[in-house]
Amino acid sequence: TAGGAALPASPAARVLGWAGPAAPGREALLQLLRAMLPPRLLLPERRLEALLERHLEVQRATHSWVPAAKFSLLTDPQDSAALIPTVTAQVLDAHSDEVWHVQFSHDGTMLATASKDASVAIWDVKSSVEVVLRHRLTEIEESVEGAEEAGSDGRDSPGASGASGGGRRGRRGMAPVLPLQPPGSNKGSPVTYVAWSPDDTRILTCGNDRKQSYLVKMWDVRTGALLRAFERHTDHVTAVAWMPDGSKFFSGGLDNRMIRWAADGDAEEIQDHMRVNDLALSANGALLVSITGESEVNVQRLATKRTATHDFERAEASCTSLCLSADGRYLLLNLSSGEVVMYDLNEAADDRLSEPVRRFRGQKQGRYIIRSCFGGSEQALVCSGSEDSQVYVWSRCTGELLEVLPGHAGTVNAVAWNPRDPYMLASASDDRTVRIWSTRDKVRDAMNAKGKAQLVA
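Below is a summary of the structure that appears in this document. (Residues numbered from 1 in each chain as written. Predicted model: local features only at pLDDT ≥ 70, side-chain atom pairs only at ≥ 80, totals over all residues. Heavy atoms only, no water.)

Quick word on the overall build of the protein chain
Which entries qualify depends on this criterion: Runs of H or I in DSSP of at least four residues are treated as helices and runs of E of at least two as strands, each being numbered from the N terminus. Buried, partly exposed and exposed residues are distinguished by accessible area as a fraction of the type maximum, computed with a 1.4 Å probe on protein chains only: under 20%, between the cut-offs, and over 50%, respectively. Contacts are assigned to residue pairs that have any heavy atoms within 4.5 Å of one another. Note that accessible areas follow from Shrake-Rupley with a 1.4 Å probe, and for residues the cover is restricted to the protein chains shown.
Within the protein chain, the regular secondary structure consists of six helices and 29 strands. Relative to its full complement of 457 residues, the protein chain shows a buried share of 51%. Of the contacts formed within the protein chain by residues at least 6 apart in sequence, a portion of 48% connects residues at least 24 apart. About 21,900 Å² of surface is accessible on the protein chain, with carbon and sulfur atoms providing 51% of the total.

Shown next, in the form of structure tokens:
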């Protein structure tokens, strides 16, 4: 009351022995009521808390691509278009022929694009909606004098020559920062694959032109200089993958060889294999995954040399490409039947893979190599190119097709998600372009900011 005196206890309070509104009194009253009422009329303890937590779990399961900080009991999760990059933020047209591969650096600050036009373009990532060309990695087929005019100092690149003819130093005729080739000047080797070193200071490229002796090339990302060429393959080199410390890497090719190289040029181990169509290493270097022949997938534990395999021959579908999740647990495989399948490698036996844990359907594939990737917040999304010129995005947890992104005018050969930005996606196409995709809000904000800057100017 206003004078501070306590109200007299009501008859009911005296009968129930209620000591007042303090916590001990409330708990005593609840215990008395539980003893007096039948169980079917009582809620279990902490029931409301359990219901609210279960609601959040359902939100997370059905919207796994949404960052945890964006879940709320007050509102439903945002629709996928607000959190998935579905809007073209930029079209990169520096290449003069089909673009076959695309890959972000590990720190997300750079992008590499590989093309049939015999070049790899290195781009600086300025934001989720903007990248800027840094330089291109390509061999200038000119005399030494011509190369020097382009900016080369004519000296060999650092590093000793490898043993047994494995690798050789960068030659004169390599410009540190290389000019763009004009359209139609495709004189070199088409580049089919790129791989960033773990520290993002070097990049490996490989191609399929007999004139270039099926080389794997190592480049300095900062300067654009060729550091070394690795010569042991006798047919198209299909893929390369770095060991975690950057001192070694693997290469595979259609010459039935898989080679482990030292970065200084030595071919340390050559395995006679079926032809290698693709390969990848887990981030911790424990697993080497490869596609050999037409349809066999091999998961080798490098410490024990034990290999789990799966052959798609019975399914009448060849396996064209693979992608490992960042934690090395999940494996994506693109099949020529027009399906992307996912395996949980934690469930693999010593000698065979388990059944796929998820199948992603909708994209078109049959004639060409199409590449897929993981992406989004906590890699909760799966993305793939397609022969119908579109990009497909699914939920990794449910397999639900979330988005189909039109825009390209040719087969989308490869996709890559920025590992540091869940709202940035890149796609490479036969239409000679690379598209940068972002969310509608980020694209709108960038357009508004640009408009304001133009007004100020």
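Alright, that's what it looks like, and here's the rest.
Here's the deal with the packing of aromatic side chains
Quick reminder of the rule: Stacked, tilted and edge-to-face are the three classes applied to pairs of Phe, Tyr and Trp rings, where Trp contributes its six-membered ring and a pair requires centres within 6.5 Å; stacked means planes under 30 degrees apart, edge-to-face means over 60, and tilted covers the rest.
By the definition in use, this model includes six aromatic pairs. Each ring, one from Phe230 and one from Phe249, has its centre 5.0 Å from the other, and the planes form 90°; the classification is edge-to-face. Of this pair, Phe230 sits in strand 10 (residues 226-230) while Phe249 sits in strand 12 (residues 248-253); the two residues are 19 residues apart in sequence, bridging distant segments of the chain. Since its relative accessible area comes to 0%, Phe249 is described here as buried. A ring pair is formed by Phe230 and Trp261, whose centres lie 5.2 Å apart and whose planes are at 70°; its orientation type is edge-to-face. Of this pair, Phe230 sits in strand 10 while Trp261 sits in strand 13 (residues 257-262), and the two are 31 residues apart along the sequence. Accessibility assignment for this pair places Phe230 and Trp261 in one class, buried. Grouped by ring-pair contacts, the aromatic residues Phe230, Trp242, Phe249 and Trp261 constitute a single cluster.

Some words on the nonpolar core
Under the convention used in this document: Nonpolar cores are built from buried Ala, Val, Leu, Ile, Met, Phe, Trp, Tyr and Cys residues. Side-chain atoms within 4.5 Å join them into one set.
Core analysis: the largest hydrophobic core is formed by 27 residues, its most contacted members being Val216, Met218, Phe249 and Phe250. Counting only elements with at least two residues in this core, the list comes to strand 7 (191-196), strand 8 (202-207), strand 9 (216-220), strand 10, strand 11 (237-242), strand 12, strand 13 and strand 15 (276-281). Ranked by residues supplied to this core, first place goes to strand 11 with five residues. Residues within four places of Phe250 in sequence aside, it is in contact with Ala239, Val240, Ala241, Met243, Met258, Ile259, Arg260, Leu279, Leu281, Leu288 and Leu302. Grouped together as the second largest cluster of nonpolar side chains are 23 residues, Leu332, Val340, Cys383 and Tyr392 included.

Regarding the sheet that holds strand 29 (residues 434-438)
Rule in force here: Strand pairing follows a simple DSSP-based rule, namely that at least 2 bridges must link the two strands. Lines fitted to the C-alpha atoms define the axes, with helices restricted to the stretch that makes contact. Angles between their N-to-C directions range from 0 to 180 degrees.
Sheet architecture is open: four strands sit in the order 1-29-28-27, paired in antiparallel fashion. Single-partner strands in this sheet number two, and they are strand 1 (87-92) and strand 27 (412-417). Ignoring strand direction, the axes of neighbouring strands in this sheet form an average angle of 25°. When strand 28 (residues 425-429) meets strand 29, the two strands line up antiparallel, connected through four bridges. Following the sheet pairing, Ser427 is matched in strand 29 by Arg435.

A few points about the pairing of strand 13
Sheet topology note: the strand 12/strand 13 ladder contains five bridges and is antiparallel. Residue pairing for strand 13: Ser251 is matched across the bridge by Ile259. Between strand 12 and strand 13, which pair antiparallel in sequence order, lie three residues; one of them, Asn256, sits at a positive phi of approximately 65°. The loop that links strand 13 with its antiparallel partner strand 14 (residues 267-272) comprises four residues; one of these, Gly265, has a positive phi angle of about 120°.

Concerning the sheet that holds strand 14
One open sheet holds the four strands; their spatial order is 11-12-13-14, and the pairing between them is antiparallel. Of all the strands in the sheet, the pair left with one neighbour each is strand 11 and strand 14. The sheet shows a mean angle of 15° between the axes of neighbouring strands, taken without regard to direction.

Quick word on the state of the cysteines
Under the convention used in this document: Note on disulfides: each one is a pair of cysteine sulfur atoms within 2.5 Å.
Inspection of every chain in the model, using the stated rule, returns zero disulfides. Here Cys323 stays free of any disulfide, with the sulfur of Cys373 as its closest cysteine sulfur at 6.1 Å.

Some points on a nonpolar patch on the surface
Spelled out, the test is: Only residues above 30% relative accessible area that lack a salt bridge enter a patch, with like-charged residues linked at up to 9 Å and the nonpolar side chains Val, Leu, Ile, Met, Phe, Trp and Tyr linked at up to 5 Å. Whenever a carboxyl oxygen of Asp or Glu lies within 4 Å of a side-chain nitrogen of Lys or Arg, that contact is scored as a salt bridge.
A cluster of nonpolar side chains, contributed by Leu30, Leu33, Met36, Leu37 and Leu41, occupies part of the molecular surface with about 440 Å² of accessible area. For Met36, a relative accessible area of 54% translates into the label exposed.

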